[in-house]
Number of protein chains: 2
Amino acid sequence: MSDAITISLQEAEALSNKVLTHNGFSQTHADAITRSVMAAQRDECHSHGLYRLIGCVQTALNDGVDTQAEPTITDQATSVVKVNANKGCSLLSFERGKPYLIEKARHNGIAALAINNSFHFSALWPEVEALSAEGLVALAMTPSHAFVAPAGGTSPLFGTNPIAFSWPRPGKTPYTFDFATSVVARGEIELHRRAGKSIPEGWAMDDEGNSTTDPVAALAGAMLPFGSYKGSALSTMVELLAGPLIGDLLGHETQAANAEKTGKPFHGELIIAMSPEAFLGKGAEGHLNHAEVLFESILGQGARLPSQRRFEARERSQVNGITFPQVLYDELKALASS
Amino acid sequence: MSDAITISLQEAEALSNKVLTHNGFSQTHADAITRSVMAAQRDECHSHGLYRLIGCVQTALNDGVDTQAEPTITDQATSVVKVNANKGCSLLSFERGKPYLIEKARHNGIAALAINNSFHFSALWPEVEALSAEGLVALAMTPSHAFVAPAGGTSPLFGTNPIAFSWPRPGKTPYTFDFATSVVARGEIELHRRAGKSIPEGWAMDDEGNSTTDPVAALAGAMLPFGSYKGSALSTMVELLAGPLIGDLLGHETQAANAEKTGKPFHGELIIAMSPEAFLGKGAEGHLNHAEVLFESILGQGARLPSQRRFEARERSQVNGITFPQVLYDELKALASS
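Only a predicted model underlies this, so the values are computations on that prediction, with no experimental measurement involved.

Details of the nonpolar core
Thinking step 1. Grouped together as the largest cluster of nonpolar side chains are 99 residues, with contacts concentrated most on Phe165(A), Trp167(A), Phe165(B) and Trp167(B).
Thinking step 2. Not counting the four nearest positions on each side in its chain, Trp167(A) is found in contact with Ser132(A), Val137(A), Pro174(A), Tyr175(A), Leu288(A), Ala291(A), Phe295(A), Leu240(B), Pro244(B) and Leu245(B).

As for the pairing of strand S3 (residues 80-84) of chain B
Residues and elements named next belong to chain B.
Thinking step 1. Most of S3 sits out of view: four of its five residues are buried.
Thinking step 2. Relative to S3, strand S2 (residues 72-77) runs antiparallel, the two being bridged by four bridges. The partner of Thr74 across the bridge, within S3, is Lys82.
Thinking step 3. The loop that links S2 with its antiparallel partner S3 comprises two residues.
Thinking step 4. Pairing of S3 with strand S4 (residues 110-119) involves five bridges; the strand directions are parallel. Looking at S4, one finds that Val83 is bridged to Ile115.
Thinking step 5. In this fold, the crossover linking S3 to S4 by way of helix H4 (residues 90-108) has right-handed handedness.

Considerations on the relation of the copies chain A and chain B
Thinking step 1. Of the transformation placing chain A onto chain B, the axial shift is 0.0 Å and the rotation is 180°, giving an RMSD of 0.0 Å. Considering both components of the superposition, the chain copies are consistent with a two-fold axis. Among all residues of chain A, the minimum C-alpha distance to the rotation axis is found for Gly227(A), at 2.1 Å.
Thinking step 2. Both copies contact each other with a shared surface, as 100% of the interface residues of chain A are interface residues in chain B too.

Quick look at empty space enclosed by the protein
Thinking step 1. Counted under the stated rule, the structure contains one cavity of 30 Å³ or more.
Thinking step 2. Here the largest cavity defines a volume of roughly 80 Å³.
Thinking step 3. Lining the largest cavity are Leu139(A), Met141(A), Ile163(A), Leu234(A), Met237(A), Leu139(B), Ile163(B), Leu234(B) and Met237(B).
Thinking step 4. At the level of secondary structure, the elements contributing two or more residues to the lining of the largest cavity comprise strand S5 (137-141) and helix H8 (228-241) of chain A together with helix H8 (228-241) of chain B.

Observations concerning the interface of chain A and chain B
Thinking step 1. Taken together, the contact pairs 70 residues of chain A with 70 residues of chain B.
Thinking step 2. For the chain A and chain B pair, buried surface summed over both sides reaches about 5,600 Å², with 74% attributable to carbon and sulfur atoms.
Thinking step 3. In this structure, the connection of chain A to chain B is made through zero salt bridges.
Thinking step 4. Applying the counting rule to chain A against chain B returns 25 residue pairs in polar contact (both at pLDDT 80 or more).
Thinking step 5. Ranked by residues supplied to the side of chain A that touches chain B, first place goes to H8(A) with nine residues.
Thinking step 6. Of the residues belonging to the side of chain A that touches chain B, the class tally is 42 nonpolar, 23 polar and five charged.

Points about the packing of aromatic side chains
Thinking step 1. The full count for this structure, using the stated rule, is 17 aromatic pairs over all chains.
Thinking step 2. Ring geometry for Tyr175(B) and Phe295(B): centres 5.3 Å apart, planes at 15°, overall stacked. Of the two residues, Tyr175(B) sits in strand S7 (residues 175-179) while Phe295(B) sits in helix H10 (residues 284-300), which places them 120 residues apart along the sequence. A single burial state applies to Tyr175(B) and to Phe295(B), both of which are buried.
Thinking step 3. A connected cluster of aromatic rings, assembled from ring pairs, spans Phe165(A), Tyr175(A), Phe177(A), Phe179(A), Phe226(A), Phe295(A), Phe165(B), Tyr175(B), Phe177(B), Phe179(B), Phe226(B) and Phe295(B).
Thinking step 4. In this arrangement the basic side chain of Arg310(A) is found over the ring face of Trp125(A), its NZ or CZ atom lying 3.7 Å from the centre.

Remarks on the sheet that holds strand S9 (residues 211-212) of chain A
Residues and elements named next belong to chain A.
Thinking step 1. The three strands are arranged S9-S8-S10 in an open sheet whose pairing can be described as antiparallel. Every interior strand has two partners, whereas the edge strands, S9 and strand S10 (222-223), have only one.
Thinking step 2. Bridge count between strand S8 (residues 204-205) and S10: two bridges; the pairing is antiparallel. When the bridges of S10 are listed, Ala204 appears paired with Met223.

Regarding the domain arrangement of chain A
Residue and element names in this part refer to chain A.
Thinking step 1. Partitioning chain A into domains gives domain 1 (1-61 + 318-338) and domain 2 (69-182 + 225-283).
Thinking step 2. Each of domain 1 and domain 2 was reduced to a C-alpha centroid, and the two centroids are 23 Å apart.
Thinking step 3. Both faces considered, domain 1 and domain 2 share a buried interface measuring about 1,300 Å² in area, 65% of it formed by carbon and sulfur atoms.
Thinking step 4. Looking at the side of domain 1 facing domain 2, the largest losses of area belong to His29, Ser36 and Thr59, adding up to 36% of the total buried there.
Thinking step 5. Counting every contact that joins domain 1 to domain 2 gives one salt bridge.
Thinking step 6. Of the charged contacts, one joins Glu95 and Arg35 as a salt bridge, the two residues approaching to 2.7 Å between their closest N and O atoms.
Thinking step 7. The tally of links from domain 1 across to domain 2 stands at four residue pairs in polar contact (both at pLDDT 80 or more).
Thinking step 8. For the side of domain 1 that touches domain 2, the elements supplying multiple residues, two or more each, are helix H2 (27-42) and helix H3 (52-61).
Thinking step 9. Among the elements that take part in the side of domain 1 that touches domain 2, H2 stands out by supplying ten residues, more than any other.

Focus: the sheet that holds strand S8 (residues 204-205) of chain B
Thinking step 1. Strand order in this open sheet of three strands is S9-S8-S10 (chain B), and the pairing throughout is antiparallel. Two strands lie at the open edges of the sheet, namely strand S9 (211-212) and strand S10 (222-223) of chain B, each paired on one side alone.

A few points about the pattern of salt bridges
Residue and element names in this part refer to chain A.
Thinking step 1. Summed over all chains, the structure comprises 30 salt bridges over all chains.
Thinking step 2. A salt bridge links Arg96 to Glu70, with the shortest nitrogen-to-oxygen separation between them at 2.9 Å. A residue pair is termed long-range when its members are at least 10 positions apart, and Arg96 in helix H4 (residues 90-108) and Glu70 in the loop between H3 and strand S2 (72-77) qualify at 26 residues.
Thinking step 3. In this structure Arg96 comes out as partly exposed when scored by relative accessible area, which is 27%.

Some remarks on the environment of Pro306(A)
Residue and element names in this part refer to chain A.
Thinking step 1. Along the polypeptide, Pro306 turns up in the loop between helix H10 (284-300) and helix H11 (308-320).
Thinking step 2. For Pro306, a relative accessible area of 24% puts it in the partly exposed group.
Thinking step 3. Among all residues touching Pro306, those that are not within four sequence positions of it are Tyr175, Thr176 and Phe177.

Cut-offs applied
- Residues take numbers from 1 onward in each chain, read along the sequence in its written order.
- Labels follow written order: the first chain is A, the first ligand is 1, and so on.
- Confidence filtering applies because this is a predicted model: local features only for residues at pLDDT of at least 70, side-chain atom pairs given and counted only at 80 or more, and all residues used for totals across whole chains, interfaces and linings.
- The side-chain values count all of the structure's non-hydrogen atoms but skip hydrogen atoms and water molecules.
- Throughout this description, the term nonpolar core refers to a set of buried Ala, Val, Leu, Ile, Met, Phe, Trp, Tyr and Cys residues connected via side-chain atoms within 4.5 Å.
- Using a 1.4 Å probe on the protein chains alone, a residue whose accessible area is under 20% of its type maximum counts as buried, one over 50% counts as exposed, and one in between counts as partly exposed.
- Contact criterion: two residues are considered in contact whenever any of their non-hydrogen atoms come within 4.5 Å of each other.
- Under the DSSP-based scheme used, a helix requires at least four consecutive residues in state H or I and a strand at least two consecutive residues in state E, with every element numbered from the N terminus.
- Strands qualify as paired when DSSP identifies two bridges or more between them.
- Assignment of crossover handedness uses the view with strands pointing away from the viewer, where a clockwise path from the first strand over the helix to the second indicates a right-handed crossover.
- We superpose the copies by least squares over the C-alpha atoms of residues that have a pLDDT of at least 70 in both of them.
- Site definitions follow a grid-based scheme: protein atoms alone, a 1 Å grid, a 1.4 Å probe that fits but cannot get out for cavities, and for pockets an open set with protein on both sides within 12 Å along at least five of seven lines, plus lining residues having an atom within 4 Å of a point.
- Grid points are joined across faces, edges and corners, and a volume is the space filled by probe spheres set on the points.
- Buried area adds together the accessible area that both of two parts lose upon being put together, with accessible area traced by a 1.4 Å probe.
- Whenever a carboxyl oxygen of Asp or Glu lies within 4 Å of a side-chain nitrogen of Lys or Arg, that contact is scored as a salt bridge.
- Residues adjacent in sequence count toward polar contacts only when both atoms are side-chain atoms; beyond that, a polar contact is any pair of N or O atoms within 3.5 Å, and within protein one must be able to donate a hydrogen and the other to accept it.
- Any residue outside Ala, Val, Leu, Ile, Met, Phe, Trp, Tyr, Cys, Pro, Asp, Glu, Lys and Arg is labelled polar, Gly included; the first ten of those are nonpolar and the last four are charged.
- Only centres within 6.5 Å qualify two rings of Phe, Tyr or Trp (six-membered ring in Trp) as a pair; their planes then separate them into stacked at under 30 degrees, edge-to-face at over 60, and tilted for everything else.
- Definition used: whenever NZ (Lys) or CZ (Arg) falls within 6 Å of the ring centre and also within 35 degrees of the ring normal, the charge is taken to sit over that ring.
- The start and end points of each domain follow an automatic or database-based domain assignment.

Right, here's the structure in full:
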């Protein structure tokens, strides 16, 4: 990377913390946000790494997130815990709800954590991996602002509505996936626009519902769901489960915080956790070992497991620190002291 | 339909029952299988309708299903019920486990039903719709024999691994989807083979891992997951959740029953149910109504809801009876009396 800087994980963590607290975030929020952003940066997921701090601070300046909000926890049902983020960032709410979710899943076999009324900007995989690190199987989803048309439709309705899943592999990195139910992430189209490149057929439509390869027209139009009507159905499921089921908004009812302070960037997130021990009793260890046969069979025919690149990056970062653009470093330094 | 016959739903039901009991199925199994097959036939899902009785009987003759098996129910954990099908057909196990699942979901908010050691041939939507008819949100999945290569791979490993979901819409037909995580159902390739037609690029590979449009080569090779690596990841999730998590086999460890009686067609199924009332308390009605905004927005831009055609067929069948090939009718009549 030209014009890049390499710093240690500790330095980056301190920088993230400084950016957030200097811009009004409480220490507890700054800590939770830093943990998520640093997990992504460490794994070389630049799109969800330190870069996100800029949008996070901007959102705070636009009153799109309460930087001091204290989450409120409700023991909703035997296997359901709800955390109201009270317009704060979702990450602290996840951390506060996590112990209850873990206890309920271990005791009852399956349990759900619903986060409401939260500003959400992070990748989901750090959350499902926080649960698989506890030996649980986890599934998470969240809607976002309307960018994606339903299959057969012409206008933005769904968010990019990611689904993430993590399966514990004792002694190994977990089996984890985390993907948008749109064909690509919105940032991919943005990157093509910046580079002046056209986008492939099948990613998006213009604002009249015609297929387009122009990234500008695509950003003004609608993205397409992955896998046609199947991805569209999954995206609908995300809207329903992380919206009405938990008493929160549909994706198209939310919008990014803006300078006019009229955006409503708050929505919900649903995380489901399952305990192999509770499902299997003493057989759990054997069946978890048996799952390895599947992973070995995937790798054995030359296919990759999702997140493998991320885990390789993690190892590198722990040894070498993290490398990212000097211009981003400068911008963060300015945000930490302006 | 030329060479077709139209009979009433009652006649078809009686015929199904006769085919099954005449070929050794206990009355309880015959009733459960008939309910599923008739639901599909009524909705004009011919692939999962009366046609399936032939394979069902054939499997019984090959010792691939215990026609008399009594399911065993285990109250596994507060929110988990397990039903061992004991090598019987999955459908009776679902019916036996359903009341426990409903009670657990209503009381605890979220619950799971695991069916083990079952012969499974049916569509999943009748099961998730049986739960949404009770006001629950339901998600179901099951692996099947190895037909599908992982994205980036070359050999069959995953089943077609369907996922089904149903959301209750008070006073209306539910929002339901049920799809294979392969690009198409295996039957589609079989239909192309019978018709002597080539299949589209992107459906399958031959047995050397090369893309093929020859249905014969495709059936001998591997089908592809829908949506590339995303569908492949979902298929992996189905294998894990309806396999090792519930103490059952991976798809590639099973195989259809055969005349040599060496097939092992028994595997698992996982059904998760969630109660809007338990998640939302008094707010449930309002939030379920709010979900209608999403459906109206999908329909409002000219897109369809999944299963709409099926619900239209259901109305027709209830008035007109069902129409299906005379040759199938003759075959079923012969099976019912041979």
